[in-house]
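What the coordinates show
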Amino acid sequence: MTSTTTNTAETTKPDLGHRLYEDVLALLLGTMVVSLGVMLYSESVLVTGSTAGAALLIEHATGLGFGVIFFAINLPFYGLAFKRMGLAFTIKTFIAVGLVSLFSKLMPMWIDFSMLNPIFAAIAGGALMGIGLLMLFRHRAGLGGINILALYLQEHFGIRAGYFQLAVDLVILACAFLTLPFNKVLLSILGAVVLNLIIALNHRPGRYLAAR
């Protein structure tokens, strides 16, 4: 009786894995949402954490385009992604980074801001990047750099990705004091808190189950 019940339960167990078209849509929409948040930060001369924050800092300091810088900064991290997270995660992350780099270049052709309040940009930009990252995380993808390390620590040691990233991001944002005005750094920190709280509150181990 127990064996029959168990077999029936296993037979009727739903498939929680993502289909290919679901992954494709998540990569496209997630990176587009992230890129919109990045554009708000770029227009308002703000920075965020992780490799995106480093790319924004370099953009503000040199005038080079965010997309090229972001893509180049992430290149050294794919070895860790492949070693620790597997081939599928590495491929998805490489595609996601490429899409953010592309969308970041195209966004100014699609949207133009005649007025952008920096406080709104900090909060809305941080929220958009957090939501976009959450979409990518739930489809076993990231945006390179610290995201890879954060996901690895969460999956193997139970350390929440959002809290770990918040700690690292605050260190990165501290470097912004050497480049940006004081008020811009404070707004950047506000945006980083919003971004990472969204991830920490919604991407807990065991809350979202999907086949790997």
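Here, the structure is the one placed above.
I will try to describe carefully the structure that is included in this document. On a predicted model such as this, the values are computed, not experimentally measured, just so you know.

**So, the layout of surface pockets**
Taken as a whole, the second largest pocket encloses approximately 220 Å³ of empty space. Lining of the second largest pocket is provided by 15 residues; of these, Glu59, Phe66, Gly67, Ser104 and Lys105 occupy positions nearest its centre. Those elements that provide at least two residues to the lining of the second largest pocket are α2 (20-44), α4 (66-74) and α6 (87-110). In terms of residue class, the lining of the second largest pocket is built from six nonpolar, six polar and three charged.

**Some words on the nonpolar core**
Judged by nonpolar contacts, the single largest core of 50 residues is most densely connected at Val47, Phe66, Phe70 and Leu143. Top contributing element to this core by residue count: helix α7 (residues 118-137), with seven residues. When sequence neighbours within four positions are dropped, the list of residues in contact with Phe70 reads Thr51, Ala52, Ala55, Val97, Val100, Ser101 and Leu143.

**Comments concerning the packing of α2 against α6**
Packed helices, taken two at a time, are described by the angle their axes make and the gap between the axes. As a packed pair, α2 and α6 sit with axes 8 Å apart at the nearest point and diverge in direction by 45°. Comparing their axes, α6 and α2 come out oblique. Two packed elements cross with a definite hand, and for α2 against α6 that hand is right-handed. Contacts from Asp23, Leu27, Leu28, Thr31, Met32, Val34, Ser35, Leu36, Val38 and Met39 in α2 reach Lys92, Ile95, Ala96, Leu99, Val100, Phe103, Ser104, Met107 and Pro108 in α6. In terms of residue class, the contact of α2 with α6 is made up of 14 nonpolar, three polar and two charged.

**Some points on the environment of Ala121**
Take Ala121: it is sitting in helix α7. Measuring from C-alpha to C-alpha, the distance between Ala121 and Val38 comes to 9.6 Å, with 83 residues separating the pair along the chain. If sequence neighbours within four positions are ignored, Ala121 has contacts with Leu40, Tyr41, Ser44, Leu46, Leu116 and Gly126.

**Re the pattern of salt bridges**
As a working rule, side chains carrying opposite charge can pair if their charged atoms are close by. Per the counting criterion, the structure on display carries one salt bridge. Note that Lys92 is salt-bridged to Asp23, the shortest N-O span being 3.3 Å. One end of the pair, Lys92, is in helix α6; the other, Asp23, is in helix α2, with 69 residues separating them in the sequence. Asp23 carries the same exposure label as Lys92, and that label is buried.

**Digging into a nonpolar patch on the surface**
Residues Leu20, Tyr21, Val24, Leu25, Leu28 and Leu29 make up a contiguous nonpolar surface patch of roughly 590 Å² in combined accessible area. Here Tyr21 shows up in helix α2.

**Quick word on helix α10 (residues 182-202)**
When the terminal C-alpha atoms of α10 are compared, their 31 Å separation across 21 residues agrees well with the 30 Å that a helix rising 1.5 Å per residue should span. Listed as buried for α10 are Lys184, Val185, Leu187, Ser188, Gly191, Ala192, Val194, Leu195, Asn196, Ile198, Ile199 and Ala200.

**A few points about the side chain of Ser104**
Mapping Ser104 onto the fold places it in helix α6. Among the polar contacts listed, one links the side chain of Ser104 to the backbone oxygen of Val100, at a separation of 2.6 Å.

**Description of unusual backbone geometry**
Look at Val45: it is not a glycine, yet its phi comes out positive at around 55°. Positive phi values are uncommon outside glycine, yet Arg140 reaches one of about 60°. Topologically, Arg140 is positioned in the loop between α7 and α8 (146-157). In this structure Arg140 comes out as partly exposed when scored by relative accessible area, which is 22%.

**Things to note about the packing of aromatic side chains**
Counted by the stated rule, this structure contains five aromatic pairs. Considering the side-chain rings of Phe71 and Phe94, the 5.7 Å spacing of their centres and the 65° angle between planes classify their relative orientation as edge-to-face. Linking Phe71 in helix α4 with Phe94 in helix α6, this pair joins segments that are 23 residues apart in sequence. You can call Phe94 partly exposed: its relative accessible area is 40%. Judged by centre distance (5.7 Å) and plane angle (35°), the ring pair of Phe177 and Phe182 falls under tilted.

The rules behind each value
- Residues numbered from 1 in each chain as written.
- Predicted model: local features only at pLDDT ≥ 70, side-chain atom pairs only at ≥ 80, totals over all residues.
- Heavy atoms only, no water.
- 1 Å grid on protein atoms, 1.4 Å probe; cavity = no way out; pocket = protein on both sides within 12 Å on 5 of 7 lines; lining within 4 Å.
- Points joined across faces, edges and corners; volume = space filled by probe spheres on them.
- Helix = DSSP H or I, 4+ residues; strand = E, 2+ residues; numbered from the N terminus.
- Nonpolar A, V, L, I, M, F, W, Y, C, P; charged D, E, K, R; others polar.
- Core = buried A, V, L, I, M, F, W, Y, C linked by side-chain atoms within 4.5 Å.
- Buried < 20%, exposed > 50% of the residue type's maximum accessible area, 1.4 Å probe, protein only.
- Contact = heavy atoms within 4.5 Å.
- Axes fitted to C-alpha atoms, helices over the stretch in contact; angles between N-to-C directions.
- Parallel < 35°, antiparallel > 145°, perpendicular 65-115°, else oblique.
- Left-handed = near helix turned anticlockwise from the far one by under 90°.
- Salt bridge = Lys/Arg side-chain N within 4 Å of Asp/Glu carboxyl O.
- Patch = residues over 30% accessible without salt bridge, like charges linked within 9 Å, V, L, I, M, F, W, Y side chains within 5 Å.
- Areas by Shrake-Rupley, 256 points an atom, 1.4 Å probe, with all protein chains shown as cover.
- Expected span 1.5 Å × (residues − 1).
- Polar contact = N/O pair within 3.5 Å; in protein donor to acceptor, adjacent residues only side chain to side chain.
- Phe/Tyr/Trp six-rings, centres within 6.5 Å; stacked < 30°, edge-to-face > 60°.

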